[in-house]
Amino acid sequence: MVEITFKVGDIDYDKTIDKFLPDIMKILQEGEGTNIIVRKAVSAKPELAMKLIKGVVSAMSQSQKDALTVKFLNMKAADICRKLNQYTSTSGLDLVLTDAVAFKK
């Protein structure tokens, strides 16, 4: 087995929130470290969730954003592997990625 490491330098949270709102809502609703008021507000008013989540994310410290990113990437691990496997098969690399795990260093 061979392991590959990718480093995430920066994420445009505004674009990510717009595209993956349901996933980010789920993380905020179920997260252990999420403020109970934020958790309930995100659940109660879906039509206000976008504004609320953008505000919450913009107010987060970098450490909190990193933790959110790790949760998001782990939630999307199967999709990431599938996309990378599609790329490797069309580019002539004869390998299969079987797992992806994000963690904070």
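Anyway, here's the lowdown on the structure attached to this text. (Residues numbered from 1 in each chain as written. Predicted model: local features only at pLDDT ≥ 70, side-chain atom pairs only at ≥ 80, totals over all residues. Heavy atoms only, no water.)

Observations regarding a nonpolar patch on the surface
Point 1. On the surface, Val2, Ile4, Phe6, Ile80 and Leu84 cluster together to form a nonpolar patch covering roughly 500 Å² of accessible area.
Point 2. Along the chain, the position of isoleucine 80 falls in helix 6 (residues 77-91). (Patch = residues over 30% accessible without salt bridge, like charges linked within 9 Å, V, L, I, M, F, W, Y side chains within 5 Å. Areas by Shrake-Rupley, 256 points an atom, 1.4 Å probe, with all protein chains shown as cover. Salt bridge = Lys/Arg side-chain N within 4 Å of Asp/Glu carboxyl O. Helix = DSSP H or I, 4+ residues; strand = E, 2+ residues; numbered from the N terminus.)

Some remarks on the side chain of lysine 76
Point 1. Structurally, lysine 76 can be placed in the loop between helix 5 (62-75) and helix 6.
Point 2. Apart from the residues lying within four places of it in its own chain, the contact partners of lysine 76 are Phe20 and Asp23. (Contact = heavy atoms within 4.5 Å.)

Brief notes about the pattern of salt bridges
Point 1. Counted by the stated rule, this structure contains 3 salt bridges.
Point 2. When the shortest N-O distance is used, the salt bridge between aspartate 23 and lysine 76 registers 3.0 Å. Taken together, the residues span a long stretch of sequence, with aspartate 23 in helix 2 (residues 21-30) and lysine 76 in the loop between helix 5 and helix 6 at a distance of 53 residues. In terms of burial, aspartate 23 and lysine 76 fall into one category: buried.
Point 3. Of the charged contacts, one joins arginine 82 and aspartate 79 as a salt bridge, the two residues approaching to 3.2 Å between their closest N and O atoms. Here arginine 82 and its partner aspartate 79 are both found in helix 6, 3 residues apart, which amounts to about one turn of the helix.
Point 4. Relative accessible area serves as the criterion here: at 41%, arginine 82 is assigned to the partly exposed category.
Point 5. For aspartate 79, a relative accessible area of 31% puts it in the partly exposed group. (Buried < 20%, exposed > 50% of the residue type's maximum accessible area, 1.4 Å probe, protein only.)

Side note on the environment of serine 91
Point 1. The residue serine 91 is located in helix 6 in this model.
Point 2. For serine 91, a relative accessible area of 36% puts it in the partly exposed group.
Point 3. At 3.3 Å, the side chain of serine 91 forms a polar contact with the backbone oxygen of threonine 88. (Polar contact = N/O pair within 3.5 Å; in protein donor to acceptor, adjacent residues only side chain to side chain.)

Here's the deal with the nonpolar core
Point 1. Counting residues in each nonpolar core, the largest one holds 14 residues, and the members touching the most others are Ile17, Ile24, Ile53, Val57 and Met60.
Point 2. Looking at this core, the elements with two or more residues in it are helix 1 (13-19), helix 2, helix 4 (46-59) and helix 5.
Point 3. Every residue in contact with methionine 60, bar those within four places of it in the chain, is listed here: Leu28, Lys65 and Leu68. (Core = buried A, V, L, I, M, F, W, Y, C linked by side-chain atoms within 4.5 Å.)

Regarding helix 6
Point 1. Spanning 15 residues, helix 6 covers 21 Å between terminal C-alpha atoms, matching the ideal 21 Å at 1.5 Å per step.
Point 2. Regarding helix 6, the residues found buried are Ala77, Cys81 and Thr88. Down the axis of helix 6, the buried side of the element spans an arc of 35 degrees, and every buried residue falls inside it. For helix 6, the exposed residues lying more than 90 degrees away from the buried face are Lys83 and Thr90.
Point 3. Where helix 6 is buried, its residues touch helix 5.
Point 4. One or two steps after helix 6, the chain reaches glycine 92, where phi turns positive at roughly 90 degrees. (Expected span 1.5 Å × (residues − 1). Arc of directions from axis to C-beta.)

The analysis is restricted to geometry; functional conclusions fall outside its scope.
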